[in-house]
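Reading the structure
So the chains spell out like this:
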Amino acid sequence: MSYRFMRVLVFFDLPTDTANDKREYRKFRKMLIKTGFVMMQESVYSKIVLNSTAKDMVLDIVRKNKPPEGLVQALTITEKQFAGIDFIVGTRHGDVLDTDERMVVL
C-alpha cells in the first residue's frame, strides 16, 4: 500500500460577541485539537493525513461539529506543497512535531 501524505488546513473566523458565541468557539477549537489538528496561526489549524480516504473522514468530523455561525473553510494540499511554505516574517517553531517522519524508540 502506498501512502500519499496530505495536509488538511482549516481556517475559521467565528463570532465571539456573546457568551454563547464564545462557548461555540471554544467547543469548535477543542474539537480540532482532539481530532489531531495543530495550530499554525490563530484560527488556522493543520492536520497530516495518510490519503484521501482519511482526508474525507477528517472533513466529515469537522462538518459534523461545525459551529452554527461564522466562516469555516478547509483546504487540502499535498505534503510536498506544504513543505514549500515561504516564511516572510517569523520562523517555524521546532517544538511541534508535525511531519510525516516516524520515530522508533527501542
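Structural data are supplied above this passage.
Below: a short report on this structure. Here the structure is a predicted model, which is why all the values come from computation and not from measurement. (Residues numbered from 1 in each chain as written. Predicted model: local features only at pLDDT ≥ 70, side-chain atom pairs only at ≥ 80, totals over all residues. Heavy atoms only, no water.)

Thoughts on the overall build of the protein
The helix and strand inventory of the protein stands at three helices and four strands. Ordered by position in the sequence, the α and β elements of the protein form the string β-α-β-β-α-β-α. Within the protein, the fraction of its 106 residues that count as buried is 27%. In the protein, once contacts between residues fewer than 6 apart in sequence are set aside, the share between residues at least 24 apart is 72%. (Helix = DSSP H or I, 4+ residues; strand = E, 2+ residues; numbered from the N terminus. Buried < 20%, exposed > 50% of the residue type's maximum accessible area, 1.4 Å probe, protein only. Contact = heavy atoms within 4.5 Å.)

Quick look at a nonpolar patch on the surface
On the surface, Met-40, Ile-85 and Phe-87 cluster together into a nonpolar patch covering about 250 Å² of accessible area. If you trace the backbone, Phe-87 turns up in the segment after α3 (79–83). (Patch = residues over 30% accessible without salt bridge, like charges linked within 9 Å, V, L, I, M, F, W, Y side chains within 5 Å. Areas by Shrake-Rupley, 256 points an atom, 1.4 Å probe, with all protein chains shown as cover. Salt bridge = Lys/Arg side-chain N within 4 Å of Asp/Glu carboxyl O.)

Considerations on a positive patch on the surface
Taken together, the side chains of Lys-22, Arg-23, Arg-26, Lys-30 and Lys-34 define a basic patch exposed on the protein surface. Relative to the helices and strands, Lys-30 resides in helix α1 (residues 19–35). (Lys, Arg positive; Asp, Glu negative; His and termini not counted. Charge placed at Lys NZ, Arg CZ, Asp CG, Glu CD.)

Overview of the side chain of Arg-7
With respect to the helices and strands, Arg-7 occurs in strand β1 (residues 6–13). Only 2.7 Å separates the side chain of Arg-7 from the side chain of Glu-79, close enough to count as a polar contact. (Polar contact = N/O pair within 3.5 Å; in protein donor to acceptor, adjacent residues only side chain to side chain.)

Note that all results are geometric; they support no functional claim without further evidence.
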